[in-house]
Amino acid sequence: MSQISNAIATRDNGPAAQIEAYRDEYAALVPSHVNADQWIRLAVGAIRGNEDLMEAAQNDVGVFLRELKTAARLGLEPGTEQFYLTARKSKAHGYALIIKGIVGYQGIVELIYRAGAVSSVIVEAVRANDTFSYVPGRDERPVHEIDWFGADRGPLVGVYAYAVMKDGAVSKVVVLNRQRIAEIRAKSDSKDSKYSPWQTNEESMWLKSAVRQLAKWVPTSAEFKREQLRAQAEVAGELTAAPPMPQAAVLDDADPLDEGPIEGELVD
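Looking at this structure, I do not really get the overall build of the chain. What am I missing?
The helix and strand tally for the chain stands at 11 helices and 7 strands. Burial status across the chain gives 47% buried among its 268 residues. Of the contacts formed within the chain by residues at least 6 apart in sequence, a portion of 68% connects residues at least 24 apart. When the accessible surface of the chain is summed, it comes to about 13500 Å², and 49% of that surface belongs to carbon and sulfur atoms.

Pasting the structure below:
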């Protein structure tokens, strides 16, 4: 077989082709408000534009397709800040790269909006040269002033999040300082990996840390609640039916909201 024929065969059996092969299954999983064709295009484009992701997806297509199923169930866009696709080294795969899906801060915000109870969600990072004031019990919401035309806002020092409900009420205000963020970051075994969002998009991870805490205090979407229950059922061994797509070589029951590594993984 010629090199061109080999390339065509590899392409036709590769991760992108597998997404297309299971188009109908993904279309059935996404919520009704999501455009399935656009969702498929995003999933295919996410790996075609990134060599590390393509390699990781090829190393275990079953893991990759399963991570996409999580994004589909939640109705989040794969390969965006709604749902990151990251390459992680897996001990069970001989330290080869495989795909891990992570719900990003924009994904959590989307799930909060989708519940229909809030009119706005505010999540912002605070930097050293900003002015920030908030006294719980006295202030309804923080006062955060930014010199947009200043030379430098300085390093990250904190983050906050809150929601305004449709009746005008303000939710609990979540405020996290640098120490609290460091504690959250320390729980991620993959925090020092070059593939971790903590390395590639640190501010987004600060924002995610705050909005994830906020999600405990405001309603989230039905899809989000179902996905949490489904994950819990898998952990308990209550779901035994195998999905009709290629099986992952190694299964894990990691929370897609967690940016940590897959079960038993070691990362650089």
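There is more to say after this.
Help me understand unusual backbone geometry, please; the structure alone is not making it clear to me.
For residues other than glycine, phi is negative in most cases, and the peptide bonds are mostly trans. For Tyr-95, which is not glycine, the phi dihedral falls at a positive 65°. Considering the arrangement of structural elements, one finds Tyr-95 in the loop between β1 (83–90) and β2 (96–103). Overall, Tyr-95 belongs to the partly exposed group, its relative accessible area being 42%.

Whenever I open this one, the sheet that holds strand β6 (residues 156–165) confuses me. Can you help?
Across a sheet, strands are paired by hydrogen bonds formed along the backbone, either parallel or antiparallel in direction. In spatial order, the strands read β3-β6-β7; together these 3 strands make up an open sheet with antiparallel pairing. Only two strands of the sheet have a single neighbouring strand rather than two, namely β3 (118–127) and β7 (174–177). Looking at each pair of strands side by side, their axes are set apart by 10° on average, direction ignored. Where β3 and β6 come together, 9 bridges link them in antiparallel fashion. Paired with Val-123 across the two strands is Ala-161, which belongs to β6. The strands that helix α8 (residues 178–186) touches are β6 and β7; relative to β7, the one it contacts most, it runs at about 85°. The sheet contacts of helix α10 (residues 202–214) involve β3, β6 and β7, and relative to β6 the element is tilted by about 40°.

What exactly am I supposed to notice about the pairing of β7 here?
Regular strands show a simple pattern: their side chains alternate between the two faces of the sheet. Residues of β7 alternate between two faces, with Val-174 and Leu-176 buried on one and Val-175 and Asn-177 left unburied on the opposite face. Across 4 bridges, β6 lies against β7 in antiparallel orientation. Directly across from Ala-161, in β7, lies its bridge partner Val-174.

Hey, could you run me through the pairing of β2 in this one?
In terms of residue burial, β2 counts as a mostly covered element, since 7 of its 8 residues are buried. Across 8 bridges, the pairing between β1 and β2 is antiparallel. Its bridge partner being in β2, Ser-90 is matched across the sheet by Ala-96.

I would appreciate a short explanation of the packing of helix α4 (residues 36–48) against helix α6 (residues 61–74) in the present structure.
Helix-helix packing: each pair is described by the crossing angle between the helix axes and the interaxial distance. Interaxial distance between α4 and α6 falls to 12 Å at its minimum, and their mutual angle equals 140°. The orientation of α4 relative to α6 falls into the category oblique. You can see that α4 and α6 cross each other, and the crossing is right-handed. Along its contact with α4, which presents Trp-39, Ala-43 and Ile-47, the element α6 presents Phe-64, Leu-68, Ala-71 and Ala-72.

Help me understand the packing of aromatic side chains, please; the structure alone is not making it clear to me.
The relative placement of two aromatic rings is captured by the distance of their centres and the angle of their planes. Scanning all chains against the criterion turns up 3 aromatic pairs. Ring centres 5.3 Å apart and planes at 35° place the aromatic pair Tyr-26 and Trp-39 in the tilted group. Of the two residues, Tyr-26 sits in helix α3 (residues 23–29) while Trp-39 sits in helix α4, which places them 13 residues apart along the sequence. Note on Trp-39: relative accessible area 2%, which makes it buried. Here the aromatic rings of Phe-132 and Tyr-160 are separated by 5.3 Å at their centres, their planes lie at 40°, and the arrangement is tilted. Separated by 28 residues along the polypeptide, Phe-132 in strand β4 (residues 131–133) and Tyr-160 in strand β6 bring together distant segments of the chain. The exposure class of Phe-132 is partly exposed, given its relative accessible area of 29%. According to the relative accessible area criterion, Tyr-160 is buried, its value standing at 5%. A connected cluster of aromatic rings, assembled from ring pairs, spans Phe-132, Tyr-160 and Tyr-162. The lysine or arginine in question, Lys-172, covers the ring of Trp-217, its NZ or CZ lying 4.9 Å from the ring centre.

Sorry if this is basic, but what is going on with the nonpolar core here?
Note that soluble globular proteins tend to have their nonpolar side chains buried in a common cluster. Within the largest apolar cluster, 57 residues are counted, with the highest numbers of intra-cluster contacts made by Ile-19, Tyr-26, Trp-39, Phe-64, Ile-112 and Leu-214. Of the residues forming this core, the biggest block, 7 residues, is contributed by α6. Core analysis: the second largest hydrophobic core is formed by 6 residues, Val-126, Tyr-160, Tyr-162 and Val-170 among them.

Cut-offs and rules
- Within any chain, residue numbers begin from 1 and follow the written order of that chain's sequence.
- Local features are withheld for residues below a pLDDT of 70 in this predicted model, meaning they are given only at 70 or higher, and side-chain atom pairs are given and counted only at 80 or more; totals for whole chains, interfaces and linings count all residues.
- Hydrogens and water molecules were not included; the side-chain quantities draw on all heavy atoms of the structure.
- The helix and strand labels rest on DSSP assignments: H or I over at least four residues marks a helix, E over at least two residues marks a strand, and numbering proceeds from the N terminus.
- Buried means the residue's accessible area, taken with a 1.4 Å probe over protein chains only, is under 20% of the maximum for its type, while exposed means over 50%, and partly exposed covers the values in between.
- By definition in these notes, contact holds between two residues if any of their heavy atoms fall within 4.5 Å.
- To be clear on the numbers: accessible area is Shrake-Rupley with a 1.4 Å probe, and residue cover counts the displayed protein chains and nothing else.
- Strands are treated as partners if at least two bridges between them are detected by DSSP.
- All axes here are fitted lines through C-alpha atoms, helices being fitted over the stretch that makes contact, and every angle between N-to-C directions spans 0 to 180 degrees.
- Oblique is the label for any angle not covered by the other classes, which are roughly parallel (under 35 degrees), roughly antiparallel (over 145) and roughly perpendicular (65 to 115).
- Left-handed is the label given to a crossing in which the near helix is rotated counterclockwise from the far helix by less than a right angle, and right-handed is the label when the rotation is clockwise.
- Each Phe, Tyr or Trp ring, with Trp reduced to its six-membered ring, pairs with another whose centre is within 6.5 Å; inter-plane angles below 30 degrees give stacked pairs, above 60 give edge-to-face pairs, and intermediate values give tilted ones.
- We call a charge positioned above a ring when the Lys NZ or Arg CZ atom is no farther than 6 Å from the ring centre and deviates by at most 35 degrees from the ring normal.
- By nonpolar core is meant a set of buried Ala, Val, Leu, Ile, Met, Phe, Trp, Tyr and Cys residues that side-chain atoms within 4.5 Å join together.

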